[in-house]
Amino acid sequence: APVSGGLLTGKYQRGNPPGGDVRYGNPGGIQKRRYNDRAFDVIDRLLPLAEAKGRPLSQFSTAWVMQQPGVTSPIIGPRTMEQMEDYLASLEIAFSEEELRQIDETAPPGSMVSPHYEADFGPHPHRV
């Protein structure tokens, strides 16, 4: 999820919970875990890096995902042509070693600041 369900698009703001018409709009449960201060702290540190490249954070984050070793294609889910064009523009972005170091320092590899996918894979009812 290169844009973390919209979290890295600027769609959601610190202290301004999303409404009920968005994917994680339910004010209980996952919303409290997803829209947390740590996630917004990371966004606040990544925004200047994206702005220095003259790109929105959505393109910046998608480009970063595409350039990770072992990633052959980011899984995107545009709902509009505008979103698709935004994703395509990320193909034009390259990172320097210093920029990659700054990103890794902001969000260390293997860490998580906002749960994106939660599922219960408990015991299967047909397994013994």
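Shown above is the structure to which this text applies.
Here is what the cut-offs are and how they apply
Residues numbered from 1 in each chain as written. Predicted model: local features only at pLDDT ≥ 70, side-chain atom pairs only at ≥ 80, totals over all residues. Heavy atoms only, no water. Helix = DSSP H or I, 4+ residues; strand = E, 2+ residues; numbered from the N terminus. Buried < 20%, exposed > 50% of the residue type's maximum accessible area, 1.4 Å probe, protein only. Areas by Shrake-Rupley, 256 points an atom, 1.4 Å probe, with all protein chains shown as cover. 1 Å grid on protein atoms, 1.4 Å probe; cavity = no way out; pocket = protein on both sides within 12 Å on 5 of 7 lines; lining within 4 Å. Points joined across faces, edges and corners; volume = space filled by probe spheres on them. Nonpolar A, V, L, I, M, F, W, Y, C, P; charged D, E, K, R; others polar. Salt bridge = Lys/Arg side-chain N within 4 Å of Asp/Glu carboxyl O. Core = buried A, V, L, I, M, F, W, Y, C linked by side-chain atoms within 4.5 Å. Contact = heavy atoms within 4.5 Å. Polar contact = N/O pair within 3.5 Å; in protein donor to acceptor, adjacent residues only side chain to side chain. Axes fitted to C-alpha atoms, helices over the stretch in contact; angles between N-to-C directions. Parallel < 35°, antiparallel > 145°, perpendicular 65-115°, else oblique.

Draft legend 1. Examining the overall build of the protein chain more closely. Looking only at helices and strands, the protein chain features 5 helices and 0 strands. Along the protein chain, from the amino end to the carboxyl end, the secondary structure elements read α-α-α-α-α. Burial status across the protein chain gives 33% buried among its 128 residues. Within the structure as shown, the protein chain displays about 8,500 Å² of accessible surface, and the carbon and sulfur contribution to it stands at 55%.

Draft legend 2. Geometry of unusual backbone geometry. A positive phi is found at serine 4, a non-glycine position, where the angle reads about 50°. Here serine 4 is to be found in the segment before α1 (30-34). Look at serine 4 and you get buried, because its relative accessible area is 13%.

Draft legend 3. How the structure looks around the layout of surface pockets. Within this model, the largest pocket holds a volume of roughly 740 Å³. Lining of the largest pocket is provided by 26 residues; of these, Ala1, Pro2, Leu8, Trp64 and Val65 occupy positions nearest its centre. The residue makeup of the lining of the largest pocket, split by class, is 18 nonpolar, 7 polar and 1 charged.

Draft legend 4. Expanded view of the pattern of salt bridges. Here the structure, examined in full by the defined rule, presents 8 salt bridges. Here arginine 45 ties to glutamate 105 by a salt bridge, and the two come within 3.9 Å at their closest N and O atoms. Highlighted residues: arginine 45 in helix α2 (residues 37-52) and glutamate 105 in helix α5 (residues 97-106), separated in sequence by 60 residues. Across the salt bridge formed by lysine 53 and glutamate 99, the nearest N and O atoms sit 3.0 Å from each other. Of this pair, lysine 53 sits in the loop between α2 and α3 (57-66) while glutamate 99 sits in helix α5, and the two are 46 residues apart along the sequence. What emerges from the salt-bridge pattern is a single network uniting Arg14, Asp37, Asp41 and Asp44.

Draft legend 5. Representation of the nonpolar core. Within the largest apolar cluster, 19 residues are counted, with the highest numbers of intra-cluster contacts made by Leu7, Leu46, Leu57 and Phe60. At the level of elements, α2 and α3 are the ones that each hand at least two residues to this core. For this core, the leading source of residues is α2, giving 7 residues. Setting aside its immediate chain neighbours within four residues, leucine 57 contacts Leu8, Ile43, Leu46, Leu47 and Ala50.

Draft legend 6. Up close: the side chain of threonine 62. Within the secondary structure, threonine 62 sits in helix α3. Within polar-contact distance, the side chain of threonine 62 engages the backbone oxygen of serine 58 at 2.8 Å. With near-sequence residues (within four places) excluded, threonine 62 lies in contact with Pro2, Val3, Pro74, Tyr87 and Ser90.

Draft legend 7. How the structure looks around the packing of α2 against α5. Contact geometry of α2 with α5 gives a least axis separation of 10 Å together with a crossing angle of 170°. Overall, the two elements α2 and α5 adopt an arrangement that is roughly antiparallel. Contacts between α2 and α5 involve Val42, Arg45, Leu46 and Leu49 from the former and Gln102, Ile103, Glu105 and Thr106 from the latter. Partitioning the contact of α2 with α5 into residue classes produces 4 nonpolar, 2 polar and 2 charged.

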